[in-house]
Structure formats: structure tokens, C-alpha cells
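# Examination of the molecular architecture
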Amino acid sequence: MIKLPDIRQKFTDIKEQVEQKVCHPYLLKYIETPVIDEDKLLILVSIMDRLELSYNEIKNYAMTTMLIQIALDTHEHISNAAVDEINRQLTVLAGDYYSGLYYKLLADSEDINMIKELSKGIKEVNEHKVSVYQKELEGIENLMTSIKKIESSLLVKFSECFKVDLWNDFIANLFFFKRLLMEKRLFIEAGSSFVFESIKEITIPNKNLSIKNLSDKQQRDLLVICDRYLESSKQFLLKGISQLPYLNDMLEARITSIINEHQPIAKTLVEEG
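Residues numbered from 1 in each chain as written. Predicted model: local features only at pLDDT ≥ 70, side-chain atom pairs only at ≥ 80, totals over all residues. Heavy atoms only, no water.

## Notes on the overall build of the protein chain
Counted only if it meets this: Numbering of helices and strands runs from the N terminus; a helix is a DSSP stretch of H or I covering at least four residues, while a strand is a stretch of E covering at least two. Note on exposure labels: buried denotes an accessible area under 20% of the residue type's maximum, exposed denotes more than 50%, and partly exposed covers the range between, all computed with a 1.4 Å probe on protein chains only. Residue contacts follow a heavy-atom distance rule, with two residues in contact if any of their heavy atoms lie within 4.5 Å. In this description, accessible areas are obtained by the Shrake-Rupley approach with a 1.4 Å probe, and a residue is regarded as covered only by the protein chains that are shown.
When helices and strands are counted, the protein chain shows eleven helices and zero strands. When its helices and strands are written in sequence order, the protein chain yields α-α-α-α-α-α-α-α-α-α-α. The buried share of the protein chain, taken over its 273 residues, is 47%. Sequence separation of 24 or more characterises 71% of the internal contacts of the protein chain that already satisfy a separation of 6 or more. When the accessible surface of the protein chain is summed, it comes to about 14600 Å², and 51% of that surface belongs to carbon and sulfur atoms.

Next comes the structure, spelled out in C-alpha cells:
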């Protein structure tokens, strides 16, 4: 009897194959190595691991979804600053290249329903990116909703395609939480964060005030706003860990690790004081 790979073997094997696809030697001469969000890959593999799918089907669906996620992430990370134009053009080209790989793999699978659902996810991500980056949003709640959609729409549409919608809110909160953690870390360590810049523009009327020139109180106010959303998602995730069916040990351990990265600013200030 052929022994099927366990979740760790599936995850590792698919990750390696995704890396082989995206690490084009010519592009890597000029652009940064594309970042593969291993947590999103783990979610994909975990969802499908409990469905009646062959390993080849799991591998194909996971690879195609990760390729389009990498394409979206690559396009998002193109700086608007005056950088080397050749580098900029190649980064755009890399995103298009990853998109092409995604469409080819899905076309080969002939899964029209999956193509439709992921296309809806791509459209939703891009619509919210436009709203956020063009500063068309009014209010913190709208900003946070759009960030959550940007981070999770593709995977939510994926789960809807397999009719496992019970994952949707959990996925949305997990990757929203992870994005806010990253933005908070950037703000604290480098004084620069796109999300915190957006929060500042909504909450502090002075458009000429740079985020790096905020007073200590203003910086704390921004951190408190961020922490409020982090704490809300954290509570949802803690509840979800105990209620979500089919949560494998590998995924549960990773989610717990992400949750434990959150250190509320109020607690940090008390400890430092």
C-alpha cells in the first residue's frame, strides 16, 4: 500500500515546488526574491487535506492559488518612489509572469468554477487596494475592513469554492491580525508604516505633519487604535481554535505562535515604565 504524505510532507513539497516556479533566475538578478506567505499555503493545504481530493489535486490548487497571491503581493510592493526604472519594470513583469503561471495551471486543470471564484477574489483585492492607496476611504473602520479584504479575499473565495465557508471569518481575522502585527512592528522599529500613515491621515487633520514627527502622545494614540483591532481579532482567533473543526496540529501551533506575537502597547508601556 502506498503511504500518502502527511500534512507536513504535503506542505513542504508544495512549498518547494512553488519556489521553483517563482524563482526565475533572470528576474532574481534584478528584483528581490518573492516572499511566499507560508501561513497562507498552510491554510490552503489544511483546508484541502480534509476533503476528498487526491494529492495531485491538492498540489495543483495550492500552487495556483499561491502563484496568484504572490503576483498580487509583488505588484503591491512596487514602490511609488523614484527608484531604478528598470528594476520597477522588471518587478511589474515578475508579477505578470507569476499571474501567467497561475492562469496556465488553472487552465490545464479545466476547473472553470475555481477560475471564476479566484477571479472574484482578485477583483475584490484590487478594488480595495485602489480605495486604500488612493485614500478614498473615510473612517478607521472602512480602512480596516479594506485591509482585511486585501489580506484574505483570495483565500476566502478559495474556501467558498469548496463550500467550506466556516473557514471564512477565521481566515479573514488571521491574516488581518498578521498584517497589523507587521505594520505595528514597522511603525515602532522604523517609524514607517503604510497602515499607520493611513490611520494618521484619518485621525490627525494636519496633512503636513509627517508620521516621523508625531508627538509621543500621537504615536501612542495610533498604537492604541491598532491594538484595539488586534485584540478584537485575537479574541476571535482564540475562540476559533477551539471551535473550528479539522484544525491539524501543525496549523494550530502556527496560529498560536502568531497570536502570541501580540504585545499590547499599554502592557509594553507599563513594563518599560
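## Points about the packing of helix α1 (residues 7-22) against helix α2 (residues 38-49)
The condition is simple: Axes here refer to lines fitted to C-alpha atoms; in helices the fit is confined to the stretch in contact. Angles between the N-to-C directions go from 0 to 180 degrees. Any angle that falls under 35 degrees is termed roughly parallel, while one over 145 is termed roughly antiparallel, one within 65 to 115 roughly perpendicular, and all others oblique. Note on convention: the crossing is left-handed when the near helix lies turned anticlockwise from the far helix by less than a right angle, right-handed when the turn is clockwise. Ten residue types, Ala, Val, Leu, Ile, Met, Phe, Trp, Tyr, Cys and Pro, are classed as nonpolar, four, Asp, Glu, Lys and Arg, as charged, and the remainder, Gly among them, as polar.
In the contact formed by α1 and α2, the axes pass within 10 Å of each other and the chain directions differ by 130°. Regarding the angle of α1 to α2, the classification is oblique. Classified by chirality, the crossing of α2 by α1 is right-handed. Here α1 contributes Ile7, Lys10, Phe11, Ile14 and Lys15 to the contact with α2, which in turn contributes Glu38, Leu41, Leu42, Val45, Ser46 and Asp49. Counted by class, the contact of α1 with α2 contains six nonpolar, one polar and four charged residues.

## A closer look at helix α7 (residues 168-190)
What sets the pattern is the α-helix's 3.6 residues per turn: residues three or four places apart point alike. To keep things clear, this is the line we draw: Under the convention used throughout, the expected extent of a helix is 1.5 Å for every residue step, that is, one less than its residue count.
For α7, which comprises 23 residues, the first-to-last C-alpha distance of 33 Å matches the rise-based estimate of 33 Å (1.5 Å per residue) to within 8%. Of the residues one or two after α7, Gly191 is the one with positive phi, at around 65°.

## Let's talk about the nonpolar core
For clarity, the cut-off: Among buried residues, the Ala, Val, Leu, Ile, Met, Phe, Trp, Tyr and Cys ones that are joined through side-chain atoms within 4.5 Å form a nonpolar core.
Ile14, Ile43, Phe158 and Trp167 are the most contacted members of the largest nonpolar core, which has 77 residues in total. Considering each element in turn, this core owes the most residues, eleven residues, to helix α3 (residues 55-76). Not counting chain neighbours up to four residues away, the residues in contact with Phe158 comprise Leu44, Ile47, Met48, Tyr61, Thr65, Met114 and Leu118.

## What about the side chain of Asn248?
For clarity, the threshold we go by: Any pair of N or O atoms that falls within 3.5 Å is considered a polar contact. Within protein, one atom must be able to donate a hydrogen and the other to accept it, and sequence-neighbouring residues count only if both atoms are side-chain atoms.
For Asn248, the location among the structural elements is in the loop between α9 (216-243) and α10 (249-259). A relative accessible area of 11% means that Asn248 is categorised as buried. Within the structure, the side chain of Asn248 is placed 2.8 Å from the side chain of Ser46, a separation counted as a polar contact. Only 2.7 Å separates the side chain of Asn248 from the backbone nitrogen of Leu251, close enough to count as a polar contact. Aside from chain neighbours lying at most four places away, what touches Asn248 is Ile7 and Ser46.

## Observations regarding the pattern of salt bridges
For clarity, the cut-off: The rule for a salt bridge is simple: a side-chain nitrogen of Lys or Arg has to be within 4 Å of a carboxyl oxygen of Asp or Glu.
The tally for this structure, following the rule as stated, stands at 16 salt bridges. Here the salt bridges do not stand alone but share partners, grouping Asp37, Asp39, Lys178 and Arg254 into one network.

## Observations concerning the confidence of the model for the protein chain
What counts here: Residue-level confidence of the predictor is what pLDDT reports, using numbers from 0 through 100.
Model confidence for the protein chain is summarised by a mean pLDDT of 85, while 85% of its residues fall at 70 or above. Here residues 269-273 is a poorly scored stretch, pLDDT under 50, and it has two contacts once near neighbours within four places are set aside; other chains count.

## Topic: the packing of α7 against α10
It is at 10 Å that the axes of α7 and α10 come closest, and there the two elements cross at 40°. It follows that α7 is oblique to α10 by the angle criterion. Crossing hand, α7 versus α10: left-handed. Here Phe170, Leu174, Phe177 and Leu181 of α7 lie close against α10, whose contacting residues are Ile255, Ile258 and Ile259.

## Brief notes about helix α5 (residues 112-133)
In a regular helix each residue adds 1.5 Å, so 22 residues correspond to 32 Å; α5 covers 31 Å between its end C-alpha atoms and thus fits that length. Inspection of α5 places Met114, Glu117, Leu118, Gly121, Ile122, Val125, His128, Lys129, Ser131 and Val132 among the buried residues, and these make up the whole buried set. Lys135 sits one or two positions beyond α5 and adopts a positive phi of about 55°.

## Observations regarding unusual backbone geometry
Here the phi dihedral of Lys163 falls at roughly 55°; this positive angle occurs in a residue that is not glycine. Among the secondary structure elements, Lys163 is positioned in the loop between α6 (140-161) and α7. Taking relative accessible area as the criterion, Lys163 reaches 70% and is therefore assigned exposed.

## Things to note about the packing of aromatic side chains
Stated precisely, the cut-off is as follows: Here the aromatic set is Phe, Tyr and Trp, taking the six-membered ring for Trp, and pairing holds for ring centres within 6.5 Å; pairs whose planes are under 30 degrees apart are stacked, those over 60 apart are edge-to-face, and all others are tilted. Charges are assigned to positions over rings by a cutoff of 6 Å between ring centre and Lys NZ or Arg CZ, combined with an angular limit of 35 degrees from the ring normal.
For the structure on display, the rule yields five aromatic pairs. Where Phe176 meets Tyr229, the ring centres are 6.4 Å apart and the plane angle is 90°; that geometry is what we call edge-to-face. Residue Phe176 is located in helix α7, and its partner Tyr229 is located in helix α9; the two are separated by 53 residues in the primary sequence. A centroid spacing of 4.4 Å and a plane angle of 10° characterise the contact between Phe187 and Phe196, whose relative ring orientation is stacked. The same class applies to Phe187 and to Phe196, which are both buried. Its guanidinium or amino end placed over the ring of Phe175, Lys40 lies 5.3 Å from that ring's centre, counting from NZ or CZ. The ring centre of Phe176 lies 5.0 Å from the NZ or CZ of Lys148, which sits over that ring.

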